Amino acid sequence: METSTPNSSSPTTTSNSRIFGVNLTPLRVFRYPLSTFLEYSGLLRVRPDNPETADSLLLDNSDVSVGNSSSNGEVSIRINDGVRSEDVDDGSVMERGSSVEGSTVGGDRDSSYQRYDIQQVARWIEQFLPFTLLLLVVFIRQHLQGFFVIIWITAFMFRSNDILRKQTALKGERKITVLLGYFLVFMLHVTGIYWWNRKDDLLYPLLMVPPKVIPPFWHAIFIILVNDTMVRQAAMALKLVLLMYYKNGRGHNFRRQGQLLTLVEYMLLLYRALLPTPVWYRFFLNKDYGSLFSSLITGLYLTFKLTSVVEKVGSFFTALKALSIKDIHYGSHATPEQVNAAGDLCAICQEKMNTPILLRCKHIFCDDCVSEWLV
């Protein structure tokens, strides 16, 4: 009879580089970054640095079976998680514990196969990752100026949007000099970007005119991204002009200001949807691919673009129509008797009511005050 017992010897000290059972040496992280991360996160079991066959990967350490029959075949011993079972004479196995049930064993094997598949995919990605990174570095070097421009204008645009939101929230506390300063900075930035890239054929698409020559794919992407960001920047400058006009709360209609800002926003969305059209039109209408093929692709693109623009056109005309509507959708103009009964004092601005509005809840406020919240 032959038996196997767990190894009772264990190392008294562990390496400082081993964390949660994962050997986080610099060489291992450099060679197998994805596998090391999956093992560290617990999605995969810890593997040796040099994996062998699929059988060794699928072997579960918690299920160790040793069976050895003697020459007369009388006795076999099976050890499962420390539970031993013996069969005598007839070779029938008496297994103790639910861990050896067929469903559990099958589930463990399926799980082992899944972990093995993930391990193989991770190793496959790790083989191609260095070459992919090298190609990416070369690509960035070839388009270094374009990457710099895109990163700069994107960061500047996000900062400008934050400034615009803060100035809009100030309402009557805005300062004309600050708004004017931001307006000049925005416009100088737009002008500077177009001057810096004056040789990249950026201005024609702004007028819905296709570029002179067929742009390469990455250059077409660059033209579209720069023009889209600069148009948004110019729209922010236009909104600053509206904020300068509606600087003072008293005597100005904030409802009208909100309607104009909404109109500018929908106009911007419509124009941005149309802006890539001339660039892609010139790109797809390439006779080198054949007249029939290029015409078919161009027609399909224009059809798809038309269907995506219809909704934005409807939104723009809805915002434009709202400017001519004098009715107040959130209430009605209060009569002098209703104003006197309410005390002729606006609860928002704590001043005498200017163009009082009676809401559906029967409260009365100034039109300028309440429109800031309900427009």
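Since we're looking at a predicted model, the values are computed, not measured.

Regarding the nonpolar core
Then step 1. Ranked by size, the top nonpolar core spans 21 residues in total, and within it Ile153, Tyr194, Leu202, Val226, Met230 and Trp280 carry the most contacts.
Then step 2. Counting residues per element, the ones that place at least two in this core are α5 (144-170), α6 (176-196), α8 (217-245) and α10 (277-284).
Then step 3. Broken down by element, the residue count for this core peaks at eight residues, all from α8.
Then step 4. Apart from residues lying up to four places away in sequence, isoleucine 153 is in contact with His189, Ile193, Leu225, Val226, Thr229 and Met230.
Then step 5. Membership of the second largest hydrophobic core comes to 12 residues, among which are Ile357, Leu358, Leu359 and Phe365.

Brief notes about the UniProt feature "transmembrane region" (unreviewed entry) in the protein chain
Then step 1. Under the UniProt annotation, "transmembrane region" (unreviewed entry) lies at residues 176-197.
Then step 2. Helix makes up 95% of residues 176-197 and strand 0%. Its end C-alpha atoms lie 32 Å apart.

A look at the pattern of salt bridges
Then step 1. Summed over the entire model, instances satisfying the criterion amount to five salt bridges.
Then step 2. Notably, a salt bridge pairs aspartate 162 with arginine 159, separated by 3.2 Å at the nearest N-O pair. One end of the pair, aspartate 162, and the other, arginine 159, are both in helix α5, three residues apart, so they sit about a helical turn from each other.
Then step 3. When its relative accessible area of 18% is taken as the criterion, aspartate 162 is described as buried.
Then step 4. Two residues, glutamate 265 and lysine 239, come together in a salt bridge whose shortest N-O distance is 2.5 Å. Here lysine 239 lies in helix α8 and glutamate 265 lies in helix α9 (residues 254-274), a separation of 26 residues in the sequence.
Then step 5. In the salt-bridge network here, residues are joined through shared partners; they are Arg159, Asp162, Arg165 and Lys166.

Quick word on helix α11 (residues 291-323)
Then step 1. The end-to-end C-alpha separation of α11 is 47 Å, in line with the 48 Å expected for 33 residues at 1.5 Å each.
Then step 2. At valine 309, α11 shows its maximal kink, close to 30°.
Then step 3. Burial in α11 covers these residues: Ser294, Thr298, Tyr301, Lys305, Val309, Phe316, Ala319 and Leu323.

What to know about the confidence of the model for the protein chain
Then step 1. Across the protein chain, the average pLDDT comes to 74, with 62% of residues at or above 70.
Then step 2. Confidence over residues 1-16 falls short of pLDDT 50; this stretch has seven contacts with residues more than four positions distant or in other chains.
Then step 3. In the predicted structure, residues 80-101 sits below a pLDDT of 50 and forms 37 contacts with residues beyond four places in sequence or in another chain.

Structural notes on the side chain of asparagine 227
Then step 1. Following the sequence through the fold, asparagine 227 ends up in helix α8.
Then step 2. Side-chain polar atoms of asparagine 227 contact the backbone oxygen of leucine 202, separated by 3.1 Å.
Then step 3. The residues contacting asparagine 227, other than those within four sequence positions of it, are Tyr194, Leu202, Pro205, Leu206 and Leu275.

Re the side chain of threonine 277
Then step 1. Following the sequence through the fold, threonine 277 ends up in helix α10.
Then step 2. On the basis of relative accessibility, which here comes to 15%, the residue threonine 277 falls in the buried class.
Then step 3. Contact partners of threonine 277, with chain neighbours within four places excluded, come to Tyr301, Leu302 and Lys305.

Cut-offs and rules
- Residues numbered from 1 in each chain as written.
- Predicted model: local features only at pLDDT ≥ 70, side-chain atom pairs only at ≥ 80, totals over all residues.
- Heavy atoms only, no water.
- Core = buried A, V, L, I, M, F, W, Y, C linked by side-chain atoms within 4.5 Å.
- Buried < 20%, exposed > 50% of the residue type's maximum accessible area, 1.4 Å probe, protein only.
- Helix = DSSP H or I, 4+ residues; strand = E, 2+ residues; numbered from the N terminus.
- Contact = heavy atoms within 4.5 Å.
- UniProt positions renumbered as here; feature names shortened; annotations may be inferred.
- Salt bridge = Lys/Arg side-chain N within 4 Å of Asp/Glu carboxyl O.
- Expected span 1.5 Å × (residues − 1).
- Bend = angle between axes of the 7 residues up to and from the residue.
- pLDDT = per-residue confidence, 0-100.
- Polar contact = N/O pair within 3.5 Å; in protein donor to acceptor, adjacent residues only side chain to side chain.

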